[in-house]
Amino acid sequence: MSGLVSVLSIAKDALAVQQYGMDVTGHNVANVSTEEYSRQRPVLEAKQPAPYQGLLFGTGVKIDQITRNVDRFVEARLMDGKMELASSSEKEIQMGVLEGLFNETSDQNLAAQFSDFWNAWHDLSNNPSGLAERDVLLERGSLLAQGFEDLATEMTQITREINLSLQAGVDRINELTSQLAALNGEIVQQEALGNANDLRDQRTKILNQLSEYMDIKSFEHDDGGITVMTKSGFVLADKVHSYRLTVEDNEVKWEGSSGTWVPITDTLRQGKFGAWLDMRDVILPKVQADLDELAKSTIWEVNKIHTQGVGLTLYPPGQTLTSSYSTSTRLGDLSFGERVDFSGTFKLWIGDGNGANLQEVTIDLDFAGGAIDENSTLAELRDSINAQIAGQRPALAGAVSVSVSASGNRIEISADASHTFGFSQDSSNLLAALGINTFFTGSNATGMDVNPTLRSDPGLIAAGRIDASTGEVAAGDGANALAMADLQYLGVSTKRWSFERGAAPTSVDITETPLESYLQALVSSIGLQSQSVQRAKEYNELIVNQLTEARDSISAVSLDEEMTEMIKYQHAYSAAAKLISTADEMLQALIEAK
Amino acid sequence: MRVTNKSLHESIVSQLNAVSSAMVAANQVISSGKKINRLSDDPVGLVSVLNLRSSLSNIDQLERNLATGKSWLEAGESALSETENILSEARALCVQMSSANLGSAERSNAVELVDGYLRQILALANTEVGGRYIFGGTKTDVAPFVLNDTGVGTPVVTQWGSENHPRAEGLSTETSSVVYTFRTQTAGPIGAGAVVEWSTDGITWTQHTPAGGGSEAVTGVSNGLLIDFGNQGESLGAGDSFTVTCRDPSEEVEVLYQGNASPFCVKMGKTMNVEVGRNGEEIFGDDGFDWNDPSAGHDNLFKTLMDLKNQLRLNDAESVRETLTRLDDHLDTIQAVVSDTGAKVLRLETKEAILQDLKLGYTERKSGIEDCDIAEAVMNLKSKELAYQASLASSSRVMQLTLVDYL
């Protein structure tokens with residue numbers, strides 16, 4: 001079948017095809033700004049030729065399909081790149097916050113508070129009887145403790161915020177996976193008819209969004225549906241089914257088909273979840289642990305020196321000192337219980353009502369009538385000390401007595417109405433471990449504070465020491481303050497912690513490091529970490545930019561190109577129209593020839 | 001390569017972002033004056049900065065300590081130099097008064113002078129810096145030297161020889177100070193049967209024969225005073241004498257040290273303390289020092305001056321001459337302390353100079369690490385600004401190009 005009618009039919013098809021082409025071009029132009037849109041192309045094909053008079057005549061054009069220009073390899077690489085970028089840029093933000101906390105580049109920070117604290121001890125040693133110096137020291141001590149506590153609180157706050165983000169993130173992931181499952185269904189349905197181009201674009205967009213949250217991988221089935229799972233193999237969406245995640249006790253869990261919740265926290269390494277979990281489980285705990293370690297060492301070393309000294313006066317008549325650390329079982333369970341030397345001794349001095357005529361009682365932890373070790377209870381300690389007071393100074397039995405607090409977990413030392421007391425030469429560290437005659441209370445960054453007994457009477461800050469040979473307390477004695485001022489130069493033994501996901505924290509012993517050097521190392525490690533996160537982010541950004549460019553050069557819309565296409569279709573349309581009018585003229589000629 | 005509108009747009013945005021953030025960073029360097037604005041800007045440099053900052057703060061503190069120390073040492077030095085001057089005067093007086101040409105009237109007149117010296121030195125021994133006494137060891141809140149001048153007291157015997165000679169006991173109930181001088185008339189052991197004379201003015205002498213073996217009141221000597229002429233088996237020469245001083249309730253007989261033995265220190269560096277206060281006993285002598293038993297300790301300056309007063313009052317030229325050596329000893333002691341103090345001041349000044357050098361060096365190093373070179377930073381900003389302007393200009397041109405305009 002050929003001839004003019006066939007020409008008309010060819011022209012009609014051509015008109016229609018050019019219109020469809022224009023349609024697709026229009027769709028592309030309209031979606032030039034649509035995210036994840038891949039440009040579409042009509043695939044034109046010559047129709048089956050028809051035999052006529054021994055010849056095969058072409059029968060015109062048809063649209064075989066409309067395809068989208070996508071390179072799966074580039075898309076997959078891009079998704080991986082975006083996962084890492086999302087992870088590093090989220091981490092950069094978090095590290096920025098952490099860095100801001102340790103704002104050591106300004107003058108108001110922990111390092112400066114340390115310097116101020118030591119300087120206050122220097123000043124007190126220059127004027128041990130000065131009340132102003134004592135007030136300043138209390139203030140500096142409080143600021144230092146506050147500095148520690150503020151940092152600890154802020155870090156807890158960051159952890160809390162991360163946990164909230166995890167919760168919100170899981171909700172978003174569940175929403176995305178259920179959308180994916182729904183799209184899978186629609187795509188499978190539509191692709192029975194043709195290419196579900198726009199739905200696929202939409203699915204890519206959702207996959208990309210999902211990959212910003214966590215590390216995922218996916219593969220496509222023959223029917224067009226995909227399976228998405230985490231990198232470690234937990235299926236999130238499989239064709240039309242989606243599997244939920246949840247956050248329970250700050251753990252991310254995956255709901256298997258049998259309804260059991262499997263914890264997957266430690267398998268998430270990339271995307272925002274990777275960043276949040278790295279921050280929460282590795283970086284923050286390390287900083288917190290190191291900060292606690294620093295606070296702990298500071299408290300211990302300062303208290304150890306403070307317990308050797310005496311204030312301007314002894315503890316006054318009627319005073320009751322309650323130990324700041326508690327244990328309801330054995331002494332070894334005190335916060336610093338493991339640091340007590342149970343073979344040591346300390347001296348308890350008992351003065352008259354005016355704080356004069358001091359008499360010493362040497363408290364020996366190895367006392368024959370009641371030796372104390374780490375398994376002793378507070379009651380045993382009480383009995384041993386009371387027995388030693390009564391044994392060495394029968395006349396003073398009961399003048400100063402030790403008891404166990406009503407709560408049963410603290411030691412109390414109290415003087416009666418006509419006696420005073422003080423301490424010296426503690427080689428056992430027991431006083432520091434109990435928290436009696438100490439400068440700080442608390443045992444880590446969060447609970448650190450200045451001993452309230454000193455706050456209510458700054459005169460009790462132990463700047464001096466009881467003269468062991470004369471039993472005198474001299475107002476101008478700054479021996480203990482001098483020892484304290486030396487602490488800033490002395491190396492102390494501490495630990496440095498490191499954390500890893502899914503493993504128990506480990507620590508390295510650090511010896512002979514001054515407290516401030518420890519802080520400097522901590523601050524510097526935060527800076528280094530932040531720097532490396534920034535560099536990783538810059539690198540990932542570069543990679544993602546390059547891949548995006550590659551992807552865009554394949555899939556994105558170029559208006560110039562579409563304009564050219566438009567002209568092409570326009571001209572082809574005009575030509576087809578011309579074909580019709582020419583065929584029409586030819587038919588006219590035939591009709592008029594009759 | 002296809003360049004699509006999206007990639008054109010995105011590359012323009014990312015380039016502009018990169019250039020403008022570099023410009024903001026360059027601007028921050030200039031406006032803060034610091035190269036390091038966040039920990040991550042230079043974590044390694046920051047450790048040095050933190051270290052230098054804490055060292056600098058420590059140096060400032062040590063300088064304050066040194067200033068405190070110096071004020072103590074200088075106050076001590078001037079008080080002791082002044083004491084030295086007064087002692088020199090006392091010595092000159094002593095030389096003058098030991099001359100045999102002078103009589104009791106001149107010596108009595110000199111008593112007032114010596115008393116003046118004593119009070120001046122006492123005031124100097126109680127020198128304060130910022131309300132704290134510098135010669136009392138660490139007992140800085142109480143005056144280290146106190147005149148014990150309240151009420152009647154135990155009579156004090158001054159004598160030569162061993163301590164086994166007579167003692168005075170009981171309470172003197174005299175209403176004014178009086179010095180009884182006892183002398184032996186005969187050589188031999190003092191005790192039962194020996195004959196002694198006593199006098200209050202060195203002119204009129206009254207005889208007394210001790211019963212010996214216990215405390216006894218001497219007839220004519222005022223109430224409350226008991227003298228023990230116990231025979232300790234030692235012999236005296238004829239004319240050997242001792243004095244018993246009974247104190248007027250209003251007149252001092254002793255200066256007691258209230259301080260302690262540990263001198264006040266300041267910290268001049270890592271585990272380095274320097275004693276800037278003094279144990280007053282080391283300068284002015286031990287409490288209750290007995291001149292007759294020099295091995296017992298350190299002669300007491302106040303005691304020496306009081307003895308001198310009594311000797312002058314008694315017109316005892318020979319004792320006055322002997323006191324001269326005691327004064328010389330005191331002068332030696334004080335000169336030694338003054339020169340030691342001077343050496344310490346010098347040490348502190350050397351340390352101060354070292355600290356200043358260190359401070360300069362540390363400040364320079366710190367500044368080198370964290371402060372920006374303004375000229376360099378401005379040039380940097382300028383170049384970033386230029387780059388920004390250029391990319392704005394080129395971007396705006398490229399963005400406007402489209403085929404649509406030509407169709």
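Described below are features of the structure shown in this document. (Residues numbered from 1 in each chain as written. Chains lettered and ligands numbered in written order. Predicted model: local features only at pLDDT ≥ 70, side-chain atom pairs only at ≥ 80, totals over all residues. Heavy atoms only, no water.)

Glancing now at the environment of Gln 529 of chain A. Residue and element names in this part refer to chain A. By secondary structure assignment, the location of Gln 529 is in helix α11 (residues 515-555). Classification of Gln 529 by relative accessible area gives partly exposed; the value is 31%. Distance in space between the C-alpha atoms of Gln 529 and Ile 283 is 8.7 Å, their sequence separation being 246 residues. Excluding residues within four positions of it along the chain, Gln 529 makes contact with Met 95 and Ile 283. (Helix = DSSP H or I, 4+ residues; strand = E, 2+ residues; numbered from the N terminus. Buried < 20%, exposed > 50% of the residue type's maximum accessible area, 1.4 Å probe, protein only. Contact = heavy atoms within 4.5 Å.)

Right, let's get into the interface of chain A and chain B. Opposite the 59 residues of chain A that make contact, chain B presents 48 residues. Surface buried jointly by chain A and chain B totals about 4400 Å² across both partners, of which 52% is contributed by carbon and sulfur atoms. For the pair chain A and chain B, the number of links is 6 salt bridges. In this structure, Lys 139 of chain B and Glu 472 of chain A form a salt bridge, with 3.2 Å as the shortest nitrogen-oxygen distance. Summed over the shared surface of chain A and chain B, the number is 27 residue pairs in polar contact (both at pLDDT 80 or more). Secondary structure elements with two or more residues in the side of chain A that touches chain B: α2 (72-101), α3 (110-126), α10 (479-486), α11 and α12 (559-592) of chain A. (Buried area = accessible area lost by both parts, 1.4 Å probe. Salt bridge = Lys/Arg side-chain N within 4 Å of Asp/Glu carboxyl O. Polar contact = N/O pair within 3.5 Å; in protein donor to acceptor, adjacent residues only side chain to side chain.)

Moving on to the pairing of strand β15 (residues 400-404) of chain A. Side chains on a regular strand alternate between the two faces of the sheet. All names here are of chain A. As paired elements, β15 and strand β16 (residues 411-415) share 5 bridges and run antiparallel to each other. Looking across to β16, one finds that Val 402 is bridged to Ile 413. Turn length for the β15-β16 hairpin, with the two strands adjacent in sequence and antiparallel, is 6 residues, and the turn residue Gly 408 shows positive phi of about 80°. (Pairing = 2+ DSSP bridges.)

All right, on to unusual backbone geometry then. All names here are of chain A. In this model, Gln 53 sits at a positive phi of 50°, which is unusual for a non-glycine residue. With respect to the secondary-structure elements, Gln 53 resides in the loop between β2 (50-52) and β3 (55-57). In this structure Gln 53 comes out as exposed when scored by relative accessible area, which is 67%. Its identity as a non-glycine residue notwithstanding, Asp 249 has a phi of 50°, on the positive side. Within the fold, Asp 249 resides in the loop between β9 (245-248) and β10 (251-255).

Here we take up the packing of aromatic side chains. Considering all chains together, one arrives at 25 aromatic pairs over all chains under this definition. On the basis of an interplanar angle of 90° and a centroid distance of 6.3 Å, the ring pair of Phe 117 of chain A and Trp 121 of chain A is categorised as edge-to-face. Of the two residues, Phe 117 of chain A and Trp 121 of chain A are both situated in helix α3; the distance of 4 residues between them amounts to about one turn of the helix. In this pair, the class of Phe 117 of chain A matches that of Trp 121 of chain A, namely buried. Across from the ring centre of Tyr 569 of chain A, 5.4 Å away, lies the NZ or CZ of Lys 568 of chain A, which sits over that ring. The residue whose ring lies beneath Arg 183 of chain B is Trp 205 of chain B, and the NZ or CZ to ring-centre distance is 3.7 Å. (Phe/Tyr/Trp six-rings, centres within 6.5 Å; stacked < 30°, edge-to-face > 60°. Lys NZ or Arg CZ within 6 Å of the ring centre and 35° of its normal.)

Quick look at the nonpolar core now. Among the nonpolar cores identified, the biggest contains 124 residues, and Phe 102 and Trp 121 of chain A are the most heavily contacted of them. Of all the elements, helix α4 (residues 131-191) of chain A adds the most residues to this core, at 17 residues. When neighbours within four sequence positions are excluded, Phe 102 of chain A is seen to be in contact with Leu 151, Met 155, Val 287, Leu 291, Leu 522, Val 523 and Ile 526 of chain A together with Leu 39 of chain B. Within the second largest apolar cluster, 54 residues are counted, among which are Met 97, Leu 324, Leu 327 and Val 337 of chain B. (Core = buried A, V, L, I, M, F, W, Y, C linked by side-chain atoms within 4.5 Å.)

A pair can form between side chains of opposite charge whenever their charged atoms are brought close. Applying the stated criterion to the full structure yields 53 salt bridges over all chains. With a shortest N-O distance of 3.8 Å, Lys 62 of chain A and Glu 45 of chain A are connected by a salt bridge. One end of the pair, Lys 62 of chain A, is in strand β4 (residues 61-68); the other, Glu 45 of chain A, is in strand β1 (residues 40-46), with 17 residues separating them in the sequence. Its relative accessible area of 35% is what places Lys 62 of chain A among the partly exposed residues. Glu 45 of chain A gets classed as partly exposed once you look at its relative accessible area, which sits at 33%. Among the ionic pairs, Arg 183 of chain B bridges to Glu 197 of chain B, the shortest N-O distance being 2.9 Å. One end of the pair, Arg 183 of chain B, is in strand β6 (residues 178-184); the other, Glu 197 of chain B, is in strand β8 (residues 196-199), and 14 residues separate them in sequence. Three or more residues are tied together by salt bridges with common partners; here these are Glu 36, Glu 75, Lys 82, Arg 551 and Asp 552 of chain A together with Lys 6 and Glu 10 of chain B.

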